Amino acid sequence: MNTTADALNPLAVAGEGSLFSHAGETGDHRLKINKAAGPDTASLLFQEAFSGRAEIGLAGDDRLHIKVSADGETWTEALLVDPGSGAVSLPASPWAREVPQPNLVINGDFQVNQRGFAGGALAAGAYGFDRWKADTGGAQLSRSGFVMTLTGGRIVQVLEPAVWGAASFAATSFSLSVEGLSGGELEVSLGSASATIAPGVGRRSVVLTTGAGDTGLLSLRLSASSAPVSFARVKLELGAHATGWSQRPRTEERRLCEHYYCRLDAGLFLDAYQAATAYLMVPLVLPTRMRALPVPSYTVTNEANIYAGERSIIASSPSLAVATIRAAVAGRCYAQFNDIAFQAEL
C-alpha cells in the first residue's frame, strides 16, 4: 500500500502506521512468522535507510536472538534465549556472562603439536596437530598463532564419551563454536547431526543434536564449504547454549593428548657390559596412562655389539614400556633410541 511490492516483499506498506486487529469474534490476534527449517531465519529486522540496525527472532537456529548493528554489516549478539531450558544469556555484557562450560574437544586451539606438523597436506587418516586427523580424501591446513586455515578437505577428531564420564553421547544437544570465522561457511558434523556456521566476528556457534543411534565413539568433522576458511579455538560443550572460550592449563591439555599419543622429549641410550647373548632391560614409565596398550615407534641411530638386531622398545601396559638390548658377544654393547613415541589413537 502506497508503495510498490516486489518478489522479495510481496506485501509492502508505506505510511506512518499499520494495524493488525482481532476479527471481532475474540480478542486475540497473533502475527505469525514461520520458517521452513532450523538453519533458516524467522525474525523482525529494524532498518535505517534500509540498513539493518536491530533484529529480533530465530536467526539461523531455534534460539531467540536480539542483535544490534551500527552499520548494517557488523552485528553484536545482545541476548540469547535457549528454547529448551529458557536460559537467558547476555553475550555482550561482561557482568552477565556465564562461567564457560568444559570443552569436550581436546586441543581445540591446535597448540599441542607432538608430531611437529608444520602444516600442509595430510593424507587420509594421518594426524597433524594432536587429536586432529585428515578425513577420507585428506586435508590441507595450516596454523598461524591460534588461527587455523583449512584450504581443502576435512579434519576429524574422534570423541570418546568415557573420557568425560559419559556412557554415551546419543540423543544429546551440543553447542559447537569457533572464533573469528572468515573466508566462508564452516560445515560441521557430529555423529549423524550436521550444520553450518556462518562467518563473522567473535564466537560463532551452532547447535548439534545427535541421534539415538549415535552411541559409542563420535566423530566431529570440520570442513570448508568454499575453501579456504579460517577460524580459531574450537569448542564443543553440552547443551544448546554456547559459552565463551576457557583455556585448560597447558599441562592438562598435553596430558589429555598423551592419553592417545605420547612422544618422549628425549632419546634413550642403553649402555652395558654383558655376557654373550645376555639381555639388558630398562623400564620406561609413560607420562600418563594411555587409553589402550600403545604401539611404540622409534629409530636407532647408533649401536654396537647387538645380537641379531635385538634392540627394541615394547609396551607392557598402557602406562609402562620396556627398552631392551641383547649383547652378541661378551663385552660392551649399546644402542641409542631416538624419536620415541607411543600410539593409541582411535
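Definitions and cut-offs
Residues numbered from 1 in each chain as written. Predicted model: local features only at pLDDT ≥ 70, side-chain atom pairs only at ≥ 80, totals over all residues. Heavy atoms only, no water. Helix = DSSP H or I, 4+ residues; strand = E, 2+ residues; numbered from the N terminus. Rg over C-alpha atoms; globule rule 2.2 N^0.38 Å. Buried < 20%, exposed > 50% of the residue type's maximum accessible area, 1.4 Å probe, protein only. Contact = heavy atoms within 4.5 Å. Areas by Shrake-Rupley, 256 points an atom, 1.4 Å probe, with all protein chains shown as cover. Lys, Arg positive; Asp, Glu negative; His and termini not counted. Charge placed at Lys NZ, Arg CZ, Asp CG, Glu CD. Salt bridge = Lys/Arg side-chain N within 4 Å of Asp/Glu carboxyl O. Pairing = 2+ DSSP bridges. Core = buried A, V, L, I, M, F, W, Y, C linked by side-chain atoms within 4.5 Å. Polar contact = N/O pair within 3.5 Å; in protein donor to acceptor, adjacent residues only side chain to side chain. Axes fitted to C-alpha atoms, helices over the stretch in contact; angles between N-to-C directions. Phe/Tyr/Trp six-rings, centres within 6.5 Å; stacked < 30°, edge-to-face > 60°.

On to the overall build of the chain. Within the chain, the secondary structure is distributed over one helix and 21 strands. In terms of overall size, the chain is more extended than a compact globule, its C-alpha atoms giving a radius of gyration of 28 Å where 346 residues would be expected to give roughly 20 Å. Projected onto its principal axes, the C-alpha positions of the chain cover 105 × 40 × 35 Å. Residues classed as buried in the chain amount to 38% of the 346 residues present. In the chain, once contacts between residues fewer than 6 apart in sequence are set aside, the share between residues at least 24 apart is 60%. Only carbon and sulfur atoms are counted for the fraction: they give 54% of the accessible area of the chain, which is about 17,900 Å². Of note, the chain has its 27 positive side-chain charges centred 8 Å away from the centre of its 32 negative side-chain charges.

The next subject is the pattern of salt bridges. Two side chains with opposite charge may pair up if their charged atoms get near one another. Under the criterion given, the structure shown has 18 salt bridges. A salt bridge links E179 to R203; its shortest N-O distance comes to 3.2 Å. Taken together, the residues span a long stretch of sequence, with E179 in strand β9 (residues 173-182) and R203 in strand β12 (residues 200-209) at a distance of 24 residues. Here E179 falls in the partly exposed class, since its relative accessible area comes to 26%. The class of R203 is partly exposed, set by a relative accessible area of 24%. Two residues, R233 and E179, come together in a salt bridge whose shortest N-O distance is 3.0 Å. Remark: E179 occurs in strand β9 and R233 occurs in strand β14 (residues 229-238); sequence separation between them is 54 residues. Each of R115, R131 and E345 takes part in a single network of salt bridges with overlapping partners.

This part takes up the pairing of strand β2 (residues 51-59). Each regular strand displays side chains that alternate between the two surfaces of the sheet. Sheet topology places strand β1 (residues 41-48) next to β2; eight bridges connect them, and they run antiparallel. If you follow Q47 over to β2, its bridge partner there is G52. The turn joining β1 and β2, which pair antiparallel and follow one another in sequence, is formed by two residues; a positive phi near 55° is taken by A49. Here β2 folds back onto strand β3 (residues 64-69), and the loop between the two strands holds four residues, one of which, G60, carries a positive phi near 90°.

Moving on: the pairing of strand β20 (residues 320-327). Counted residue by residue, β20 has six buried out of eight residues, so it is predominantly covered. Pairing between strand β17 (residues 279-285) and β20: seven bridges, direction antiparallel. The residue bridging L284 from the neighbouring strand is A321, located in β20. For strand β19 (residues 306-317) and β20, the ladder comprises seven bridges, and the chain directions are antiparallel. Paired with S317 across the strands is L320, a residue of β20.

Glancing now at the nonpolar core. Formed by 35 residues in total, the largest nonpolar core has its most connected members in L141, L176, L186, V188, L222, F231 and V234. Elements represented by at least two residues in this core include exactly β7 (133-144), β8 (147-159), β9, β10 (186-190), β11 (193-197), β12, β13 (218-224) and β14. Sequence-distant contacts of L186, that is, excluding residues within four places in its chain, are made with V178, L181, A195, T196, I197, L222, S223, V229 and F231. If you look at the next biggest cluster of nonpolar residues, it comprises 18 residues, including L270, M290, I306 and F342.

We now examine the environment of F337. Here F337 lies in strand β21 (residues 331-343). The spatial distance from the C-alpha of F337 to the C-alpha of A323 is 9.0 Å, given a sequence separation of 14 residues. Not counting chain neighbours up to four residues away, the residues in contact with F337 comprise G267, L268, L270, Y298, T299, V300, R311, S312, I313, T324 and I325.

Now for the side chain of E55. The residue E55 is located in strand β2 in this model. Overall, E55 belongs to the buried group, its relative accessible area being 12%. Of note is the side chain of E55, whose polar atom sits 2.6 Å from the side chain of S43. What E55 contacts, discounting residues up to four positions off in sequence, is T41, S43, L44, L45, H65, I66, K67 and W75.

Attention shifts here to the sheet that holds β17. Here we have three strands laid out as an open sheet, ordered β17-β20-β19, and antiparallel in their pairing. The open sheet terminates on both sides in strands that have one partner only, identified here as β17 and β19. Averaged over all neighbouring strand pairs, the angle between strand axes comes to 15°, with direction disregarded.

Below, the discussion takes up the packing of aromatic side chains. Think of a pair of aromatic rings as described by two things: how far the centres are apart, and how the planes are tilted against each other in angle. Scanning all chains against the criterion turns up seven aromatic pairs. When the centroid spacing of 6.2 Å and the interplanar angle of 70° are considered together, the rings of F110 and F129 count as edge-to-face. Within this pair, whereas F110 is found in the loop between β5 (88-89) and β6 (120-122), its partner F129 is found in the loop between β6 and β7, the two being separated by 19 residues in sequence. On the basis of relative accessibility, which here comes to 0%, the residue F110 falls in the buried class. With relative accessibility at 3%, the residue F129 sits in the buried group. An angle of 75° between the planes, with centres 5.2 Å apart, marks the rings of F117 and F129 as edge-to-face. Of the two residues, F117 is situated in the loop between β5 and β6 and F129 in the loop between β6 and β7; the sequence distance between them amounts to twelve residues. Like F129, F117 is buried.

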